[in-house]
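Chains, contacts and geometry: an overview
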Amino acid sequence: MSTRLANRRILLGVTGGIAAYKSAELIRRLRDHGAEVRVVMTPAACEFITPLTLQALSGNPVHLDLLDPAAEAGMGHIELARWADAVLVAPASADFMARLAQGMADDLLTTLCLATAARIALAPAMNQGMWADPATAANVATLRERGIHLFGPAAGAQACGDIGPGRMLEPDQLVTETAALFQSRLLDGVRVTITAGPTREALDPVRYLSNHSSGKMGFALAAAAADAGAITTLIAGPVTLCTPERVQRIDVESAQQMYDAAMQQLASTDIFIAAAAVADYRPAQVAGQKIKKQSETLTIELVRNPDIVASVAAARPRPFTVGFAAETDALLDHARDKLERKRLDMLIANDVSVPGIGFNSDDNAVTVLWAQGELALAQCSKRQLATELVALVARHYRLQLA
Ligand code: C5P
């Protein structure tokens, strides 16, 4: 089973066609592969299959109307457009494709397709005569030109009795094609090492100092790097996340162990990304026995931990080095200062004072800085953001080699 779909947010559009009965099965298959699915149906789709069925299978309310105040008060059309990592319209009717090709926004699904920055894929399903019609062919060409993916259609027996092209692909085929949407060759064969998660600094055999880092951003970056073809190593502090497919994982606890692992990887690393929230200090002494409650106050002396990313950037030869900066104020000033002070090639800055992004949340929004420029990436899932970040890092890495 491919894990390319794990935690991916798939917005499934269902339009009016008899193949809509297969959308129910498609939702199950997508969820079996770990995807989160939200469904948008056109009015015509509701004539073929009920929203209740798709709601039960997707585990989420089905979105039907553009101008429904109640729905807009929850997850509105722009939020849905931002939420999606990919929009898959299956079945995509001839009418829907015509409206999309025209850039119309006369219902929720076409509006979403216009608004979203996510990849869009269509699984056409229609009578073979409608598929063969020059109007449909012209629409298909326009949509392809705009970067919209087309899955199928297959040829064969049709519900109307005709035989020919126009059948929607089977759910399993659509799952395979959707997973492939997340594959790129941007980092083929490039060796990427990523640190992720918190570190634990032992005080005694049962206690430690740590922080709230979930490791989600670093793990998402590792998944995205592997998807881009990189030979990916993830140096992970203590987190409860599954190792992404095709990623080699080295588990560590303390900052010192993370530093040692990073140094060991150095000779076989082309790109180093430091996403870990490393403890800056550790207790000067680790008590051999559990520290007892004795006095009213307890003073613990802390000593500085090595700065892993700065040490990597100071090595010669050095990999292309990328750091993170979590700040609560004067984000860009502090970030640019960190970029220079640690001699990094790129720095990914996120404002952890904004609720819903950063530490422990599923979403993030960042600004990426490098010596000659910067780029703000809008709020989206960490998975989607990781894909964009990997693409950006890959571009700058290649520029540096050139
Ligand atoms: O200095 P500050 O902790 O804000 O810098 C954050 C960046 O430095 C992150 O990329 C983090 O992974 C890295 N870092 C590190 N080793 C440390 C402290 C931070 O690699 N000891």
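Residues numbered from 1 in each chain as written. Predicted model: local features only at pLDDT ≥ 70, side-chain atom pairs only at ≥ 80, totals over all residues. Heavy atoms only, no water.

Bringing the environment of G129 into the picture now. Inspection of the secondary structure puts G129 in helix α7 (residues 128-132). In this structure the C-alpha to C-alpha distance between G129 and P165, which are 36 residues apart in sequence, comes to 8.6 Å. (Helix = DSSP H or I, 4+ residues; strand = E, 2+ residues; numbered from the N terminus.)

A few words now on the site of the ligand. The full set of residues close to the ligand is A274, A276, V278, D280, P306, D307, I308, V309, G323, F324, K338 and K342. A274 places a polar main-chain atom, nitrogen or oxygen, 2.7 Å from an oxygen atom of the ligand. I308 is positioned such that a nitrogen or oxygen atom in its backbone is 2.9 Å from a nitrogen atom of the ligand. For the ligand, the accessible surface in isolation is 440 Å², of which the surrounding protein chains cover 86%. Contributions of two or more residues to the shell around the ligand are made by α12 (308-314) and β16 (320-327). (Near = heavy atom within 4 Å. Polar contact = N/O pair within 3.5 Å; in protein donor to acceptor, adjacent residues only side chain to side chain. Areas by Shrake-Rupley, 256 points an atom, 1.4 Å probe, with all protein chains shown as cover.)

A few words on the pattern of salt bridges. Under the criterion given, the structure shown has 24 salt bridges. The salt bridge partner of R8 is D227, with a shortest N-O separation of 3.1 Å. Here R8 is found in the segment before β1 (9-14), whereas its partner D227 is found in helix α10 (residues 216-227), with 219 residues between them in sequence. The exposure classification of R8 matches that of D227, with both residues buried. The salt bridge partner of R29 is D172, with a shortest N-O separation of 3.3 Å. Taken together, the residues R29 in helix α1 (residues 20-32) and D172 in helix α9 (residues 171-180) connect sequence positions 143 residues apart. Connected through salt bridges with shared partners, the residues R8, D227, E245, R246 and R383 form a single ionic network. (Salt bridge = Lys/Arg side-chain N within 4 Å of Asp/Glu carboxyl O. Buried < 20%, exposed > 50% of the residue type's maximum accessible area, 1.4 Å probe, protein only.)

Burial analysis of strand β3 (residues 86-92) places seven of its seven residues in the buried class, which makes it a mostly covered element. Judged by which residues are buried, β3 turns out to be covered on both faces: A86, L88, A90 and A92 on one side and V87, V89 and P91 on the other are all buried. Inspection of the sheet shows β1 paired to β3 by four bridges, in the parallel sense. If you follow I10 over to β3, its bridge partner there is A86. (Pairing = 2+ DSSP bridges.)

The next subject is the packing of α10 against helix α14 (residues 382-401). Between α10 and α14, the least distance of the axes is 8 Å, while the angle of their chain directions is 55°. Regarding the angle of α10 to α14, the classification is oblique. As for how α10 packs across α14, the hand of that crossing is right-handed. Of the residues in α14, those touching α10 at K216, M217, A220, L221, A223, A224, A225 and D227 are K382, R383, L385, A386, T387, L389 and V390. Its residues assigned to classes, the contact of α10 with α14 comprises ten nonpolar, one polar and four charged. (Axes fitted to C-alpha atoms, helices over the stretch in contact; angles between N-to-C directions. Parallel < 35°, antiparallel > 145°, perpendicular 65-115°, else oblique. Left-handed = near helix turned anticlockwise from the far one by under 90°. Contact = heavy atoms within 4.5 Å. Nonpolar A, V, L, I, M, F, W, Y, C, P; charged D, E, K, R; others polar.)

The next point concerns the sheet that holds strand β11 (residues 231-236). One open sheet holds the eight strands; their spatial order is β12-β11-β8-β13-β16-β17-β18-β19, and the pairing between them is mixed. At either margin of the open sheet sits one strand with a lone partner, and together these are β12 (247-251) and β19 (373-381). On average, adjacent strands in this sheet sit at an angle of 20° to one another, irrespective of strand direction. The pairing of β16 with strand β17 (residues 346-351) spans six bridges and is parallel. Bridged to G323 within β17 is L347. Across the face of the sheet, helix α11 (residues 255-265) comes into contact with β8 (191-196), β11, β12 and β13 (271-274) while running at roughly 165° to β11.

Interface size, as often reported, equals the accessible area lost upon joining of the parts. Taken domain by domain, the chain consists of domain 1 (9-179) and domain 2 (191-286 + 293-401). The centre of domain 1, based on its C-alpha atoms, is set 38 Å off from the matching centre of domain 2. Together domain 1 and domain 2 conceal approximately 450 Å² of surface at their shared face, both sides included; 32% is due to carbon and sulfur atoms. Applying the counting rule to domain 1 against domain 2 returns one salt bridge. The interface formed by domain 1 and domain 2 contains two residue pairs in polar contact (both at pLDDT 80 or more). Residue classes in the side of domain 1 that touches domain 2 are distributed as no nonpolar, no polar and four charged. (Domains from an automatic or database assignment. Buried area = accessible area lost by both parts, 1.4 Å probe.)

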